[in-house]
Every structure is written in structure tokens, then in C-alpha cells.
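# Structural overview for review
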Amino acid sequence: MFKDMRVQFCKKGDAIYFSHLDLQRSVQRALRRSGIPYWSTGGFSPHPYCIFAQPLSLGFESQGELFDFRITEGEDFDPEALKRTFPESLKILDIYPAENAFKKITAATYEIELKTGRDAKIIQKAFEGPLTVLKKTKRSEKEVDIRTFIHRMEISGIAGGVKMDCDIATGNEKSLNPTYIEAALNQAGIPCSLTKVTRICFLEDGGKVFR
Amino acid sequence: MTYNTEEFKDFLLKVQKPARYVGGEIGCTIKDLSKVDIRFGFCFPDIYDIGMSHLGLRILYGALNEQEGTWCERFFQPWPDMEEEMRKRDIRLYSMESHTSLDEFDLIGFTLQYEMCYPTVLNMLELGGIPLRSEEREGLKNIVVGGGPCAYNPEPLAPFFDIFSIGEGEEALPELAQKLREAKAKGLSRQEFLREIAKMEGFYVPSLYEVTYHEDGTISSFTPKFEDVPTTIKKRIIKDFDKTYYPKEQMIPFTEAVHDRVTIELFRGCIRGCRFCQAGMLFRPIRCKSADTLVKDACTLLENTGYEQLSLCSLSSSDYPEIESLVDQLIRYTEPRGINLSLPSLRVDNFSKELAAKITGVRKSTFTFAPEAGSQRMRDVINKNVSEEDIEKSCRIAFENGNSSVKLYFMMGLPTETDEDIAAINSMADKIIGYFYDTDKSKRNRYIKIALSLATFIPKPFTPFQWEAQNSEQEIHRKQDYLRSRIKTKQVTLSYHDCKTSLLEAILARGDRRLAPVLEEVAKNGGKLDAWTEHFDYQRWADAFAACKVDGDFYSLRKRSFDEILPWDHIDIGVSKAYLQKEAEKAYQGQTTPNCKESCSGCGANTMIGRKCDV
């Protein structure tokens, strides 16, 4: 049979402009190039099996994206061969056997930089009261309090704005795109704009880093 | 100026598909600038998605970058949303590799694939900060070079280009880079350098020639301004095609290109001699690569890139002498790896059952034929040697294999065409429906769909029809309506290529230097990406012709006499003008010419290789 392998990689530099679809295609081609014994899907257009933990929005950086691929059980492979096929902007950080299912992911740690004229204390205060925004999904549109999606939030001042170090719900059950923070604050009368979003890592229940 | 695209976040994230504006693809060439003395900007006058599909770009990019000290980088026309953001911020057109603006490049090469790209060429120059007219540029930098099929009649673009590279470029362009390197060392002036280049085979420097005109508008003389400048420019070809440079690596775009796959080039030239076809004449003599070389190249490229698609490129793949053995060997490699093999440009007449089965075994697709004309008489005139029996045989095989969708390409407005010939297009579709219902029910599909695709004939330079008049717009519309009125079944659908584009293409294809101001005017008024229907604006062209007082019909609707000096007569493609005239005369008689495999008809192209063609 086969064994699931997990790849941890970053997305930085010009790779922030690659869409999720671009990324999937690039990873599949990298797998083919690497020559490692990956497991392929059957059917009409056989392709290397690979699934991603969570898509990352266009423009965001990441220090810990994850995808799984399969290798035929019992066959050895050289992880370096796969690492060599990735460009610097999508550098592979680690390859290890996948033990946790992606559905265990409930949150992610983000570093968010906001450009704003208000100082950190005022922003901090905004998070004490309700911060509502109209959240759209494929099926519905509803008014939500973004604070119910934010597990942890530390705000500090930086030049020209603030930096947020936070854990935000991410996963199949409950998820919030960090762009809603910008929208909610603006709606609450705090003019601001996202300048940089970096996903640091995924978390599972209890705030433990998901690997 | 060098840009940091990471700082473009505020607008790059707003435009469509930003990945196409940052480069950094796997397989692209990055060089150490301290070791580079010639920077070559390779410009593709269309968007990234199209340009990155182009085989010529990959070959020339590779060949130039093989040369030490030369760095070839790529430029594409941005989609208008991106161009708007760039103009707002005074960002010049920049390269994919180092994000350097176009004006910093020594050589600026445009590949001219299609006449309608001319305004895009001008737009890219302007966006890159390069003065449009060659006379406005100075020093040994920003030397603008044109190549590709449209460079065989480059006259409408003459004032904008310093040099045209005529013929195949994989040897010529590195030589040009080397010449510039030497000229810089010798401290030559721009004029001295251009004069040197004009003496090299395959290079045409338009500013060194004088054109005069008769009162009726035809050319009275075309002469070099200096004695040491040749009167005719002979195209360059690769003599030993099997051994020529072919890239071992291929750039892999992050965002999807139109043709995102490995391509191998089987041969150049074509044995067929269809009288309307420019490529068939331009790329003679026929030179093949050996099946061994091709299989080796294909495997190397597939391994290096991880692509899931392999395509064979040539003007007529089934005419490749070793086609069966080649396909067998390739399938042995591609099938176990789940790689899709596609074989475009197969001809109807020698389409064998096995070959059909092999390809459909990978993926079933629409069955496409290009009979080009409906009646046998018309096909004889254009020397498209496909008979009714060939079409019948191929269709029957296709239907037995389960194909149920047939696409047929035709041209309208061909020389000597009558309404009977147009009506025959519909008769052919009816007959094909008949073959379908004849096919054993257990083998064939349940339904049949025939798509007729009609293009407008465009007389092109260096073809036996180069002297012909194009049909007027009214006449084309009348013929289109006539054909539509004859179609009585829903199984047949009809689609037309926009004839306004064809009318303009005909003007530009056989135009001369007096069209340059029109192009300038179109570009000035925002013309670009004219091959995209959403950006094409016929009125902009009509206005430009009016503003410049140029009569487009003079170039397209006028039948030219055999003794007229044609704007491209100073270019020598190896195929003689006498041969083209003989072919034209045979066309009027409805006489066909056998293909080069059957017998050599003496076009003259093989004098360029000094041996028989590889047929």
C-alpha cells in the first residue's frame, strides 16, 4: 500500500502572488520532477496524490504550510531530491510521516501588520467590545462577532501601525480570514489596512502546534 | 531601473493572475550581472500566458543564454489592468528575470508571430521607455530587432526597427549579440554597427534602403543607400537540424500558460505546398530531426520538468518520415507515467487506423480536419490534396473508434471561388453525417456533431497567392449568409472567424512602409492586444487609416500584376518568385502539384542546404 508523508514549506517573496491552484499545480510538477516513488491517482488524468492542509489567501506569507503526498510503502526515497525541486520562495522546511489528520486543525497562528493612525491601546480596546462584520460564505451571509473566532490576540505598536500576534480559527468547522479583522476595525471606526499577513503555524485543539 | 516586485503588493494583488508579473519560474535563467556585457530583452507582443506557450521563445531564450556574457530576459505585454497600474506609478515594462526596465537592454528582440500584434509592439516599446522610431534612438543600446514569420515582410514596421533577423534565429541571434560585443569594444557608432550587420547573411537593416513609388502607388524602386549594402537579404536556416541546439530544460510557469507542456519539434518545412499557406513556403527546405534525437529530447525534458503533457510540433506531423516508430517509442515512455501525448497537425489523407487508435487510447478528443475548401475543384486550385475518399475513409475510421464530434476548417474568399464551391462545404457536412449513420450502431456513438469553422482567406507574401485580391467585406458577408441559408440541420453548427480582423491582417501582411504612421496612430489611441476580441476595436483602425490618409484597400483588395515590385521582393526565402508564379498559373488551371515526397517540384529552397530535402 502507501504511506502518507507530510511536507512543511514556506511561501514567501514573490510566491505570495501564487494562487492556491497555481500552488497545487507547481507542487504536483515538483513531485514528478523529483523522481521519488510518489503514489499516483488512477482514472482519466492520473496525477500525484497531494492534499493541502488549508489554502492560503493570495498575498499572505507563510512559514508553515503543509501538504501530504503518498509514497508506495516499502520504497525508500531521498527527501533531498524533493527539496531540490522546490524554488526558494516555496522552500521545504521539513518532510516527515503524517500522523495527524488535517481535520484536527482548528486554528492558526498569524502575525498581522496593520497600517493605522491609532495606537496599540485603542486597537486593544476595540477588541473588548463586540466587533461585528458581515461574513460571507458560499451559502450564507451573516453578521458575526469576529472575536468569537480569535483565540488569542497580542497587540503591539510598530512604525506606522500595529502588529498583531494572534491565533485565529482556521479549519473546516470554523474559520476566519484575517482580512475580516481589517473590515471589522474599519466598521468600528478605526481606519486601518492590512500591510502584511504571515501564517506562522497551524494549531490543534488546546492550542498545541499541529504537525 | 530595477524593481522589487515584493513592493508591488498594493496593486499586484488587485490585478488578475499576478503570478505572471513576477517571474522566478523554475528553469528560468538568472545570471551574475558582473559577468554580463550584453543584455538581450526578448519581447513577446502578447500576454505572458500566450508567450510562455511559444516554442520559439524557449529555443531562442536557451540559445542566447548559452552564450557567455549574454543574458536574455523575457518581457510580455501586461494585461490592461496591470498596464494601468504601472502607468499610474510610472513603472516601466520590466523583465521577468531581474525586473529590470526595458530601456536598460542592449538588444531588444520582438518575435512577430502575427500581423495584429504590431500595435502591441509599439505599446511595449513605449511602456519600456524606448523611443518608437529607430532614428530617435542613439548609441549602442536599445537596438530593436524583429524576427519571426512577419519579419519576412517587415515593411510596415520598418521605421520602428533597427534590424530584422530574417529566417531561423537560433544561430543568428547569438551571432548578433557577439557582433554587438565586438562593436562596443571597437567603439563603433550606432550607424557603423548597423552597417556592419547589414552585410551579414540574414540581417536586414531597413534604414539603409530607399523606396520610391509610382504615381499609382506601386513601388518603382527599392535600393540600398550604400554600395556595400546587399540588394537582397537571404534568410538564415539551420543546415543540420538534427544537431541544432534544443533546450534541455524548460521554464515552468507557476500560473498556467495556454500550452503548458513539453514540445518537441519534428521537422521544419512542409512537403505539401498548399498555395495559400505562408508557413509551408517560408520554412522550406524540409529538414527533419531523427526519431532517436526526438525521443531523447522528449524524455530529458519530461524528466526535468515534471510536465504531464507532451506535444509534437510541426506543420504536418503525419508527414514525418518516421512517425510510426516515433509514436511507438514515445508511448512506451508516456503511458506508464500517465503522460498525455498529443499529436496536432495530423493530415486526413494518411491518417492510419492504428495511429488513430493509439492517440484516442490516451484521451478521446474532437476529430479535426482542415479540408480548407468544400469542392474538389477548389481544393485543386489551392493544392490542398485531400480527396473526398480520404475524408470519407478517415471519418469512417473515426466513427468506428467512437468519435462523434467532427470539426472542419474551411476558408472563404479563395481565388476563383464561386457560390458552388461555398455550397459544397455544406454538402461535405451532409455526406459526413451519412457516413456516421452507415457505421455499425454497436460501434458508433449515439449522436453526431459537426462544427464548421470558416475563416476568411488572407493572401500572404511568399505564397503563390501573393498577387491575389482579397474578397471585400460585403462579399465575405454575402458568402457567409449564403452558406448559412444552406444548412438545414441542427447537427451542423457554423462559426466564423471575425472577418474585420482578416481584412486588417491582409492590409498589414502585404503592406509597405507607408503603413507605419497608421500603426503609430493606432498605438497612440490605445491600440494593443488586437488578437483579443475584447480589446480589438475596428473603429480605432478605420480612424487611423483616415487620419493618415492611407487607403487600406490598395493593399488588400487590389489584384497585383506579376511584374509589380512587391514590398518584400528584397527578401530571399530560397523559394523562387518564378516558382510562386508558376504555381499561381497552375492554380488558375486547377492543376495540382504533387507533394515533395512524390516528386521535387523545384521550388529552389534546397539550394540553401546544398542537398535533397529530408522527405
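Residues numbered from 1 in each chain as written. Chains lettered and ligands numbered in written order. Predicted model: local features only at pLDDT ≥ 70, side-chain atom pairs only at ≥ 80, totals over all residues. Heavy atoms only, no water.

### Quick word on the domain arrangement of chain B
All names here are of chain B. Where we set the bar: For the domains described, the bounds stem from an automatic or database domain assignment. Any two residues having at least one pair of non-hydrogen atoms within 4.5 Å are treated as being in contact. Note on definitions: buried area is the accessible-area loss of two parts on being combined, 1.4 Å probe, summed for both. Only one rule defines a salt bridge in this text: a Lys or Arg side-chain nitrogen within 4 Å of an Asp or Glu carboxyl oxygen.
When cut into domains, chain B gives domain 1 (5-167 + 169-234) and domain 2 (239-345 + 574-615). Computed over C-alpha atoms, the centres of domain 1 and domain 2 are 26 Å apart. Counting residues at the interface gives 27 residues for domain 1, matched by 23 residues for domain 2. Both faces considered, domain 1 and domain 2 share a buried interface measuring about 2,200 Å² in area, 67% of it formed by carbon and sulfur atoms. The interface formed by domain 1 and domain 2 includes one salt bridge. When the shortest N-O distance is used, the salt bridge between R268 and E170 registers 2.8 Å.

### Considerations on the nonpolar core
Going by this rule: Nonpolar core, defined: a set of buried Ala, Val, Leu, Ile, Met, Phe, Trp, Tyr and Cys residues in which side-chain atoms within 4.5 Å join the residues together. Relative accessible area decides the class of each residue, using a 1.4 Å probe on protein chains only: under 20% of the type maximum gives buried, over 50% gives exposed, and in between gives partly exposed.
Grouped together as the largest cluster of nonpolar side chains are 139 residues, with contacts concentrated most on F69(A), F110(B), I163(B) and F193(B). What F110(B) contacts, discounting residues up to four positions off in sequence, is C43(B), P45(B), V121(B), M124(B), L125(B), V144(B), V145(B), G146(B), G147(B) and F161(B). Of all hydrophobic cores here, the second largest spans 39 residues; its members include I112(A), L131(A), F149(A) and M164(A).

### Considering the state of the cysteines
Using the following cut-off: We call a pair of cysteine sulfur atoms a disulfide when they lie within 2.5 Å.
Per the counting criterion, the structure on display carries zero disulfides over all chains. Here C201(A) is not cross-linked by a disulfide; its sulfur's nearest cysteine counterpart is in C166(A), at 11 Å. For C201(A), a relative accessible area of 17% gives the class buried. Free of any disulfide, C28(B) has its nearest cysteine sulfur in C72(B), 11 Å distant.

### Section: helix α5 (residues 118-127) of chain B
Spelled out, the test is: Only runs of H or I of at least four residues qualify as helices and only runs of E of at least two qualify as strands under DSSP, and these elements are numbered from the N terminus.
When you tally the buried positions in α5(B), you get nine out of ten residues, the bulk of the element. The set of residues buried in α5(B) consists of Y118(B), P119(B), T120(B), V121(B), L122(B), N123(B), M124(B), L125(B) and L127(B).

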